[in-house]
Amino acid sequence: MPPSSPYCQDCSGCTSCGGCSGCTHGPREITLTLAQARLLAQFAQLPFLPFCQTSQGPVLLTSEGTPWDRQLLETLATLNLITLDPGLPLQNYDYAEYAPYLKQEGAERGSLSLTDLGGAVLDALPDLL
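Residues numbered from 1 in each chain as written. Predicted model: local features only at pLDDT ≥ 70, side-chain atom pairs only at ≥ 80, totals over all residues. Heavy atoms only, no water.

Enquirer: In this structure, what is going on with the packing of aromatic side chains? I would like to understand it.
Expert: For any pair of aromatic rings, geometry is given as the distance between the ring centres together with the angle between the planes. Taken as a whole and assessed by the stated rule, the structure comprises 2 aromatic pairs. Ring centres 4.9 Å apart and planes at 85° place the aromatic pair Y93 and Y95 in the edge-to-face group. When the centroid spacing of 5.9 Å and the interplanar angle of 55° are considered together, the rings of Y95 and Y98 count as tilted. Grouping residues by exposure puts Y95 and Y98 together as buried. A network of ring pairs unites the aromatic residues Y93, Y95 and Y98 as a single cluster. (Phe/Tyr/Trp six-rings, centres within 6.5 Å; stacked < 30°, edge-to-face > 60°. Buried < 20%, exposed > 50% of the residue type's maximum accessible area, 1.4 Å probe, protein only.)

Written as structure tokens, this is what we have:
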């Protein structure tokens, strides 16, 4: 990540990774939209969720079977709150509800996981969600 990353206070002297992805500096502040907070709250019960990766982007279904906004997923991943692991499906999960998406060329089963930073942010969220 570039030195302007929200995860580091000053990365100009970082030698751990040549950028910010390996820095140990803590975030100063992470501001989430209500939708981002609600999506992050999905990890409160299960730290791993199924998803599928399509050529249009990641697909995570709500409990009603509708997809979450891709940009929400990508933003949470960019903020290092979740990881998107296409090609690493959850064991013993059949992905039946993802069948329409998995029929697309190049689509693959995957898993989402909560990062340590994501867990800390989740713990700090108010119980209003």
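Enquirer: What should I look at first to understand the sheet that holds strand β1 (residues 48–54) in this one?
Expert: Each strand in a sheet pairs with its neighbour through backbone hydrogen bonds, running either in the same direction (parallel) or in the opposite one (antiparallel). With antiparallel pairing, 4 strands are arranged side by side in an open sheet as β2-β1-β4-β3. Where the open sheet ends on each side, the last strands, each with one partner, are β2 (57–59) and β3 (82–86). Here the strands of the sheet are splayed against their neighbours by 35° on average, with no regard to which way each runs. In the sheet, β3 pairs with strand β4 (residues 108–114) via 5 bridges, with the strands oriented antiparallel. Within β4, the residue paired with T83 across the bridge is S113. (Pairing = 2+ DSSP bridges. Helix = DSSP H or I, 4+ residues; strand = E, 2+ residues; numbered from the N terminus. Axes fitted to C-alpha atoms, helices over the stretch in contact; angles between N-to-C directions.)

Read these as spatial facts, not as claims about activity.
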